[in-house]
Amino acid sequence: MYNGKLTVVGAGPGDVDLITLKGIKALQHANVVLYDALVDAELLNYAPNAEHIFVGKRKGCYAFQQDQINELIVQRAGLNKHVVRLKGGDPFVFGRGAEEMEYAAENGLEVEVVPGISSAVAVPASQNIPVTKRGATESFWVITGTTKEHKLSADVALAAKSNATVVILMGMSKLVEIAELFKKEGKSNLPVAIIQNGTTEDEKVGIGTISTIVEKAKKQQLSNPAIIVIGEVVNHRQKIIEIQKNHTREGIKLFEKV
């Protein structure tokens, strides 16, 4: 018999409207909500009767260490309560949802996961950048820019050799290194997009190429949380902008003739 329940819920990429209905239902039935820094606090309104505990980190400052979060989950749920662990994006994409579920299960809790819309795909899409496009790319990599040893992931060098779209999360501090790896592969002119605070009101976008993106990021003061998208698919964004502008001009001309 279970002592309580943990539900790990993906909150989506930032826009509160991008949480799933199942995620909302989980919040409505929660007794305790543990939420991260990248989660919009507005979502807590769906759990008005629950205890709300911030357990995220901001600029390297941790409210709780991971071991403490694990213990907090077990402590609160151990009172036969339903704990919702609300995490940005999808909890299984560079989140630690799997670790938290495993620890909770080992301590006698019922566990469930509610998938979320991953920022790795949704944030580029919000800027009209598809991660795959027929004729441009047949696959995409999603890579963490910084490993737990605070080094650039070795997978970035492998991805730079491919023709796939490369989506890098948590990589802004390694932007210079990333650009150098792609330059070594002769890809200085490959399009790059940096999207900071994607899908939120504070969203900022920088567009360039491998050879120009470091300087553009400095000029626009782009920093984490941000997603780096590298590949020909980045050009789709500008193509859509130009098509829409042309249609607007044509519409104005027709209106003036009338």
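Let us look at the structure shown here. (Residues numbered from 1 in each chain as written. Predicted model: local features only at pLDDT ≥ 70, side-chain atom pairs only at ≥ 80, totals over all residues. Heavy atoms only, no water.)

## Focus on empty space enclosed by the protein
A probe as big as a water molecule, rolled over the atoms, marks out the empty space that is left. Counting across every chain of the model gives 1 cavity of 30 Å³ or more. Considering the residues around the largest cavity, the lining is formed by A11, G12, P13, G14, D15, V16, L38, V39, D40 and L43. For the lining of the largest cavity, the class distribution of residues is 6 nonpolar, 2 polar and 2 charged. (1 Å grid on protein atoms, 1.4 Å probe; cavity = no way out; pocket = protein on both sides within 12 Å on 5 of 7 lines; lining within 4 Å. Points joined across faces, edges and corners; volume = space filled by probe spheres on them. Nonpolar A, V, L, I, M, F, W, Y, C, P; charged D, E, K, R; others polar.)

## Structural notes on the nonpolar core
One finds M172, I178, F182, I194, I228 and I230 to be the most contacted residues of the largest nonpolar core, which totals 22 residues. Only helix 5 (155-160), strand 9 (165-169), helix 6 (175-184), strand 10 (191-196), helix 7 (213-219) and strand 12 (226-230) provide two or more residues apiece to this core. Here the element with the most residues in this core is helix 6; it accounts for 4 residues. If sequence neighbours within four positions are ignored, I230 has contacts with A164, T165, V166, I168, I178, F182, L190, P191, V192 and I210. Among the nonpolar cores identified, the runner-up in size contains 18 residues, and A11, I24, V33 and V84 belong to it. (Core = buried A, V, L, I, M, F, W, Y, C linked by side-chain atoms within 4.5 Å. Buried < 20%, exposed > 50% of the residue type's maximum accessible area, 1.4 Å probe, protein only. Helix = DSSP H or I, 4+ residues; strand = E, 2+ residues; numbered from the N terminus. Contact = heavy atoms within 4.5 Å.)

## Structural notes on the sheet that holds strand 2 (residues 32-35)
Pairing is parallel in the open sheet, where 5 strands are placed in the order 3-2-6-1-7. Since the sheet does not close on itself, it has two edges, and those belong to strand 3 (51-54) and strand 7 (110-114), each with one partner. Between one strand axis and the next, the sheet turns by 20° as a mean value, whatever way the strands run. Where strand 1 (residues 5-10) lies against strand 7, 5 bridges are found, and the strand directions are parallel. Residue pairing across strands places K5 opposite E110, the latter belonging to strand 7. Against the sheet, helix 2 (residues 66-77) contacts strand 1, strand 2, strand 3 and strand 6 (82-87), and its axis sits at roughly 150° relative to strand 6. (Pairing = 2+ DSSP bridges. Axes fitted to C-alpha atoms, helices over the stretch in contact; angles between N-to-C directions.)

## Examining the pairing of strand 10
Along strand 10, 6 of the 6 residues are buried, which leaves the element largely enclosed by surrounding structure. Covered by surrounding structure in strand 10 are P191, A193 and I195 together with V192, I194 and Q196, the residues of both alternating faces. In terms of strand pairing, strand 10 meets strand 11 (residues 204-209) through 6 bridges, oriented antiparallel. Bridge assignment links Q196 to a residue of strand 11, and that residue is K204. Alignment of strand 10 against strand 12, held across 5 bridges, turns out to be antiparallel. The residue of strand 12 that forms the bridge with I194 is I228.

## Considerations on the side chain of Q196
Along the chain, the position of Q196 falls in strand 10. Reaching out from Q196, the side chain makes a polar contact with the backbone nitrogen of S223 at a distance of 2.8 Å. Each residue touching Q196, except ones within four places of it in the same chain, is listed here: D202, E203, K204, Q221, L222, S223, P225 and A226. (Polar contact = N/O pair within 3.5 Å; in protein donor to acceptor, adjacent residues only side chain to side chain.)

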